[in-house]
Amino acid sequence: KVLVSRQGLRLADAFAAFDMNRDGSLSPAELHGGLKWLGLTINPAEIASLISVFDTDGDGTISLDEFKAALTIPGLDEDESEMPAYDPTKRFEGL
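This is a predicted model, so every value here is computed, not measured.

**Notes on the pattern of salt bridges**
Here comes step 1: For the coordinates displayed, the defined rule picks out 1 salt bridge.
Here comes step 2: As a salt-bridge pair, Arg-10 and Asp-13 come within 3.1 Å of each other at their nearest N and O atoms.
Here comes step 3: Classification of Asp-13 as buried rests on a relative accessible area of 7%.

Structure (structure tokens):
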């Protein structure tokens, strides 16, 4: 979550930026691309492992709710509603 915040994004904004085909879920490739953009080097086996842990509905992708649950610590995270909304005209490149 820190890496997302450093980019000036809320979790929902990062999810939207990662969701390249706009289907409302992150495929393994989209998750990998997004994490790579954040500076994380993760191999395909690690991506598969992350998805198996956080994909609570078993569809093989990560939904917005699953993404938020994976990156939020209840009671410790600040209220993201105070952060400015994501500007889609400033989408990241390279995915």
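**Re the nonpolar core**
Here comes step 1: Within the largest apolar cluster, 16 residues are counted, with the highest numbers of intra-cluster contacts made by Phe-18, Leu-26, Leu-31 and Phe-67.
Here comes step 2: At the level of elements, helix H2 (11-18), helix H3 (28-37) and helix H4 (44-54) are the ones that each hand at least two residues to this core.
Here comes step 3: Per-element tally for this core: the top contributor is H2, with 5 residues.
Here comes step 4: Other than its neighbours up to four places away in sequence, Phe-67 contacts Leu-11, Ala-14, Phe-15, Phe-18, Leu-26 and Ile-62.

**What about the side chain of Asp-19?**
Here comes step 1: Inspection of the secondary structure assignment puts Asp-19 in the loop between H2 and strand S1 (25-26).
Here comes step 2: No salt bridge is formed by the buried Asp-19, whose closest oppositely charged neighbour, Arg-22, lies at an N-O distance of 5.1 Å.
Here comes step 3: For Asp-19, the side chain forms a polar contact with the main-chain nitrogen of Asp-23, separated by 3.3 Å.
Here comes step 4: If we ignore the near neighbours within four places in the chain, the residues touching Asp-19 are Gly-24, Ser-25, Leu-26 and Glu-30.

**A word on the packing of H2 against helix H5 (residues 64-71)**
Here comes step 1: Running from N to C, H2 and H5 point in directions that differ by 125°, and their axes come no closer than 10 Å. It follows that H2 is oblique to H5 by the angle criterion. Crossing of H2 over H5 shows right-handed handedness. Contact with H2, carried on its side by Leu-11, Ala-12, Ala-14, Phe-15 and Phe-18, involves Leu-64, Phe-67, Lys-68 and Leu-71 of H5 and no other residues of that element.
Here comes step 2: Its residues placed into classes, the contact of H2 with H5 shows 8 nonpolar, no polar and 1 charged.

**Section: the packing of H3 against H4**
Here comes step 1: Relative to each other, H3 and H4 sit at 110°, their axes nearing to 10 Å. Comparing their axes, H4 and H3 come out roughly perpendicular. Handedness of the crossing formed by H3 with H4: right-handed. Listed contacts from H4 to Pro-28, Leu-31, His-32 and Leu-35 of H3 are Ile-47, Leu-50 and Ile-51.

Basis of the calculations
Residues numbered from 1 in each chain as written. Predicted model: local features only at pLDDT ≥ 70, side-chain atom pairs only at ≥ 80, totals over all residues. Heavy atoms only, no water. Salt bridge = Lys/Arg side-chain N within 4 Å of Asp/Glu carboxyl O. Buried < 20%, exposed > 50% of the residue type's maximum accessible area, 1.4 Å probe, protein only. Core = buried A, V, L, I, M, F, W, Y, C linked by side-chain atoms within 4.5 Å. Helix = DSSP H or I, 4+ residues; strand = E, 2+ residues; numbered from the N terminus. Contact = heavy atoms within 4.5 Å. Lys, Arg positive; Asp, Glu negative; His and termini not counted. Polar contact = N/O pair within 3.5 Å; in protein donor to acceptor, adjacent residues only side chain to side chain. Axes fitted to C-alpha atoms, helices over the stretch in contact; angles between N-to-C directions. Parallel < 35°, antiparallel > 145°, perpendicular 65-115°, else oblique. Left-handed = near helix turned anticlockwise from the far one by under 90°. Nonpolar A, V, L, I, M, F, W, Y, C, P; charged D, E, K, R; others polar.

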